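Okay, here's what each chain looks like letter by letter:
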Amino acid sequence: MPLPQDFMDELHERSDIVDVIGSYLSLNHRGRLYTALCPFHNEKTPSFTVFPETSSFYCFGCHEGGDVISFVEKYENLDYMEAVKLLADRAGMTVPDGSDQRAAQRNKRILEANKTAGRFFFSMLNSDSGRIARKYIRDRGLEDRTITKYGIGYAPESWGALRDYMNGKGFTDDELIDAGLCFRNRNGSASDFFRQRIMFPVIDLRGQVVAFSGRTIVDDSRKYLNTRDTPVFKKSRTLFSLNFAKNSEQHRLILVEGQMDVISLWQAGFTEAVATLGTAITAEHAQVISRYVNDVLICYDSDEAGQRATRRAIDILRAAGIDAGVIEVVGAKDPDELIKKSGAAAFRALIDKASGSMEYELNKAARQYNLDIPDDRVKYLEEATSILARSTSATETEVWAGRVAQQTEVDKNTILYTVQRKRNSRRSAQTRRENDKFAQSIGERYNLRSYEREKLGTVSAERRLVALVCAHPDLCRSIRERISGEDFADPGTGDIFNKICTQIENNEFTGFTSMTAVLEPEQISALSGMIAESSSVQYKPQDADFFIDKILENRSRLSKDELANMSLDEINRMIKNRKGN
Ligand SMILES: [Zn+2]
């Protein structure tokens, strides 16, 4: 029996791939990657690479690859369950046994109930009784595309509308109470929990509706009402809209107070906002966040309570190793109001002020060090002078060099001299070039097109399409409309492609790690290779069409026997041979 998904999620969450592999090998930090000498083959220069963003590893020399579990399997020579057990012990978790089967079945019913209820609420928004809700939504300036994106609905003013609908769909009262959609009233039967509220489905990272948040539209002391904790929903670790925000290009999150803030920010183009659900931010939230970003900007209400919450949030985030900055909203009570009053540009300016300022950067650097320790002071000085070297304003450099001088008790002129020297040598540019060169060398090794334009171009496009769909699962549907794995010249890649798409369509895909549950060991290695080859590329949606065109266009021209029957290994061998010539 497969292990429960929530157990596996937590195991992956607690088994950081850099930490785990770092406990076996000595890893070198290179930009966004880590490298080491490969433990699986003999080598003098490192080609073993760890990719924290996808929680995968891949060796460009011997083509071993996989996730944290496959690494432990291979390194410790264990089978899958033994490796899971070892990692669970390390993370202080217990591997669940068969008795969890019933719980798994119950969780499935809760998720189904939530999905059905979400449809009900959504349809209520366009019913007669939803008129008051539609007016509220219009007054708040929400557009149709936003309502659809977030699946916003309406819970009518009734104690039994949802219950009756759900009973009709085959859900028992007990199941509705389990899901937190109903509560048991004095007669012992079920009553609707949400009434006369705008309903926001809470969607987890797998795209499942795990709970609801209802915002009152009448005078009610409780502005937001959230589903209580259930077997599929823990307030202390769930963030509203993280399912969308984690894919945003900014590589940071904006933490706001309410769901309406998140949604109006999204509508204004800020896709990286999240909110907690009826609780202050917890260490567990911070843990979840740290899986995706290292930077969080806190944007709470400007009142007294908001200030207190901000200070608490900063402490909690920093304890999890996350850099926390503060966006101060001036001239409005929250971001929602600010955007309505002054537009998106006004909010953009506040973000820039919070995240780009010299002060923010220097504070961020200072937080990493204990300035009472001389060694740390030196490291901080090194970093601070690099930050100062980026400034183009002499006054700004002066002012902040003075501050750094105070912090480190180093003469200000010495600091200014160092800054000048750094500017001259443009060290940061050089580091960038080095990282680029490394990324490029990865790219070159795998730029199949340069070896055999017509034939291998197709295989390369196939591998890239797989990496692309992993990075942009939201594009899966439109990609599938044009192509399926059966169209691939390499059937191995085609099979992996199909399995990924199936998982995405079933809302079970969370990235490379969720795929490892359904792939054969060789396929895990192969997929980690495809992800590794594309690790230095930021794919855009239109690239999908380019790859698909390439695959379909060359398909008819391929000598089928040559390629269609080749395994990945054979293709790799062929490339090696060609390189040798
Ligand atoms: Zn190797």
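Fair warning: this is a prediction, and the values are worked out from it, not measured in the lab.

Conventions adopted
Residues numbered from 1 in each chain as written. Predicted model: local features only at pLDDT ≥ 70, side-chain atom pairs only at ≥ 80, totals over all residues. Heavy atoms only, no water. Helix = DSSP H or I, 4+ residues; strand = E, 2+ residues; numbered from the N terminus. Buried < 20%, exposed > 50% of the residue type's maximum accessible area, 1.4 Å probe, protein only. Contact = heavy atoms within 4.5 Å. Areas by Shrake-Rupley, 256 points an atom, 1.4 Å probe, with all protein chains shown as cover. Pairing = 2+ DSSP bridges. Axes fitted to C-alpha atoms, helices over the stretch in contact; angles between N-to-C directions. Core = buried A, V, L, I, M, F, W, Y, C linked by side-chain atoms within 4.5 Å. Polar contact = N/O pair within 3.5 Å; in protein donor to acceptor, adjacent residues only side chain to side chain. Parallel < 35°, antiparallel > 145°, perpendicular 65-115°, else oblique. Left-handed = near helix turned anticlockwise from the far one by under 90°. pLDDT = per-residue confidence, 0-100. Nonpolar A, V, L, I, M, F, W, Y, C, P; charged D, E, K, R; others polar. Phe/Tyr/Trp six-rings, centres within 6.5 Å; stacked < 30°, edge-to-face > 60°. Lys NZ or Arg CZ within 6 Å of the ring centre and 35° of its normal. Disulfide = S-S within 2.5 Å.

Asker: Just checking my understanding: could you explain the overall build of the chain for this structure?
Answerer: A count of helices and strands for the chain gives 28 helices and 15 strands. Among the 581 residues that make up the chain, the fraction classed as buried is 49%. At a minimum sequence separation of 6, the contacts of the chain that also span at least 24 residues come to 63%. On the chain, roughly 28,500 Å² of surface is accessible, and the fraction owed to carbon and sulfur atoms is 47%.

Asker: How do you make sense of the sheet that holds strand β13 (residues 273–275) when you look at a structure like this?
Answerer: Either a parallel or an antiparallel arrangement is found when strands of a sheet pair, and the pairing is made through backbone hydrogen bonds. Spatial strand order, β13-β12-β14-β15: four strands in an open sheet with parallel pairing. What marks the edges here is a single partner per strand, and that holds for β13 and β15 (323–326). With direction set aside, neighbouring strand axes in the sheet form an average angle of 30°. Relative to strand β14 (residues 295–299), strand β12 (residues 253–256) is paired through four bridges, and the arrangement is parallel. Paired with I254 across the strands is L297, a residue of β14.

Asker: Please clarify how the nonpolar core should be interpreted in this entry.
Answerer: Formed by 63 residues in total, the largest nonpolar core has its most connected members in I152, L181, I254, I327 and F347. Broken down by element, the residue count for this core peaks at eight residues, all from helix α5 (residues 101–125). Contact partners of F347, with chain neighbours within four places excluded, come to I254, L265, F270, C299, I327, P335, L338 and I339. Within the second largest apolar cluster, 31 residues are counted, among which are I479, F512, I524 and M530.

Asker: How do you make sense of the environment of K499 when you look at a structure like this?
Answerer: Along the chain, K499 falls in helix α23 (residues 491–505). Sequence-wise, K499 and V518 are 19 residues apart; in three dimensions their C-alpha atoms are separated by 7.7 Å. Not counting chain neighbours up to four residues away, the residues in contact with K499 comprise M515, V518, L519 and Q523. A distance of 3.1 Å separates a polar atom in the side chain of K499 from a polar atom in the side chain of Q523.

Asker: Help me out: how do you make sense of the packing of helix α1 (residues 5–14) against helix α4 (residues 80–91) in this one?
Answerer: How two helices pack is summed up by the angle between their axes together with the distance between the axes. Their axes nearest at 10 Å, the elements α1 and α4 cross at an angle of 60°. Of the possible angle classes, the one that applies to α1 and α4 is oblique. For the pair α1 and α4, the sense of crossing is left-handed. From α1, F7, M8, L11 and R14 reach across to α4, where they touch Y80, V84, L87, A88, R90 and A91.

Asker: Honestly, unusual backbone geometry in this entry has me stumped. Any pointers?
Answerer: With glycine set apart, most residues show a phi of negative sign, and most peptide bonds adopt trans. For E409, which is not glycine, the phi torsion reads 55° and is therefore positive. With respect to the helices and strands, E409 occurs in the loop between α18 (394–408) and α19 (412–425). The backbone of N507 shows a phi angle near 60°, a positive value even though the residue is not glycine. Residue N507 is classed as partly exposed on the basis of its relative accessible area of 34%.

Asker: What is the right way to look at the confidence of the model for the chain in this model?
Answerer: Detailed reading of predicted coordinates is not advised where the pLDDT is low. Taken as a whole, the chain shows an average pLDDT of 84; of its residues, 88% reach a score of 70 or greater. Low confidence marks residues 443–456, where pLDDT is under 50. Its contacts with residues over four positions away, or in another chain, come to 34 contacts.

Asker: What is the right way to read the environment of L468 from this model?
Answerer: Inspection of the secondary structure assignment puts L468 in helix α21 (residues 453–471). Note: C-alpha distance between L468 and Y539 (71 residues apart in sequence) is 6.3 Å. With sequence-adjacent residues up to four places away left out, L468 is seen in contact with L475, I479, Y539, K540, D543, A544 and F547.

Asker: It is not clear to me how helix α3 (residues 68–76) should be interpreted in this structure. Could you clarify?
Answerer: Because the α-helix completes a turn every 3.6 residues, residues three or four places apart line up on one side. The set of residues buried in α3 consists of V68, I69, S70, F71 and V72. Between the side-chain oxygen of the N-cap and the backbone nitrogen of I69 there are 3.2 Å, and the N-cap of α3 in question is D67. Among the residues trailing α3, N77 stands out with phi positive, at a value near 55°.

Asker: Honestly, the packing of helix α11 (residues 259–267) against helix α14 (residues 335–342) in this entry has me stumped. Any pointers?
Answerer: In contact at an axis separation of 8 Å, α11 and α14 are set at 35° when each is read in the N-to-C sense. On α14, the residues touching D261, S264 and L265 of α11 are P335, D336 and I339. Among the residues forming the contact of α11 with α14, the class breakdown is three nonpolar, one polar and two charged.

Asker: Sorry if this is basic, but what is going on with the side chain of N114 here?
Answerer: Here N114 shows up in helix α5. The residues touching N114, leaving out its near neighbours within four places in the chain, are A179, L181, V209, V210, A211, F212 and V232.

Asker: What's the story with the sheet that holds strand β3 (residues 48–51) in this structure? I'm lost.
Answerer: The five strands lie next to each other as β1-β2-β3-β4-β5, forming an open sheet whose pairing is antiparallel. Here the strands that pair on one side only, and so sit at the sheet edges, are β1 (28–30) and β5 (65–66). Pairing of β3 with strand β4 (residues 56–59) involves four bridges; the strand directions are antiparallel. Counterpart to V50 in the pairing with β4 is F57. Its contacts with the sheet put helix α25 (residues 521–533) on β3, β4 and β5, and the angle it makes with β4 is roughly 90°.

Asker: Is there a simple way to explain the packing of aromatic side chains in this structure?
Answerer: Any two aromatic rings considered together are summarised by their centre-to-centre distance and by the angle between their planes. In this structure the tally under the stated criterion is 24 aromatic pairs. Measuring from centroid to centroid gives 5.4 Å for F48 and F57, while their planes differ by 25°, and the two rings are stacked. Judged by its relative accessible area of 0%, F57 falls in the buried class. Seen in terms of ring centroids, F120 and Y165 are 4.8 Å apart; in terms of plane orientation they differ by 35°. Their pairing is tilted. Remark: Y165 occurs in helix α8 (residues 161–168) and F120 occurs in helix α5; sequence separation between them is 45 residues. Using a relative accessible area of 29% as the deciding quantity, one classes Y165 as partly exposed. Taken together, the ring pairs in this structure connect Y24, F40, F48, F57, F71 and Y75 into an aromatic cluster. Taking the ring centre of W159 as reference, the NZ or CZ of R195 above it sits at 3.7 Å. When the ring centre of Y224 is taken as reference, the NZ or CZ atom of R215 above it lies at 5.7 Å.

Asker: When you look at the state of the cysteines in this model, what are you seeing that I'm missing?
Answerer: Covalently bonding the sulfur atom of one cysteine to the sulfur atom of another cysteine gives a disulfide. Scanning the model with the defined rule gives zero disulfides in all. Left unpaired, C476 is separated from the closest cysteine sulfur, that of C501, by 3.6 Å.

Asker: Explain the environment of V469 to me, please; I cannot follow it from the model alone.
Answerer: Note that V469 resides in helix α21. V469 has contacts with C476, I479, I500 and I504, leaving out every residue within four places of it along the chain.

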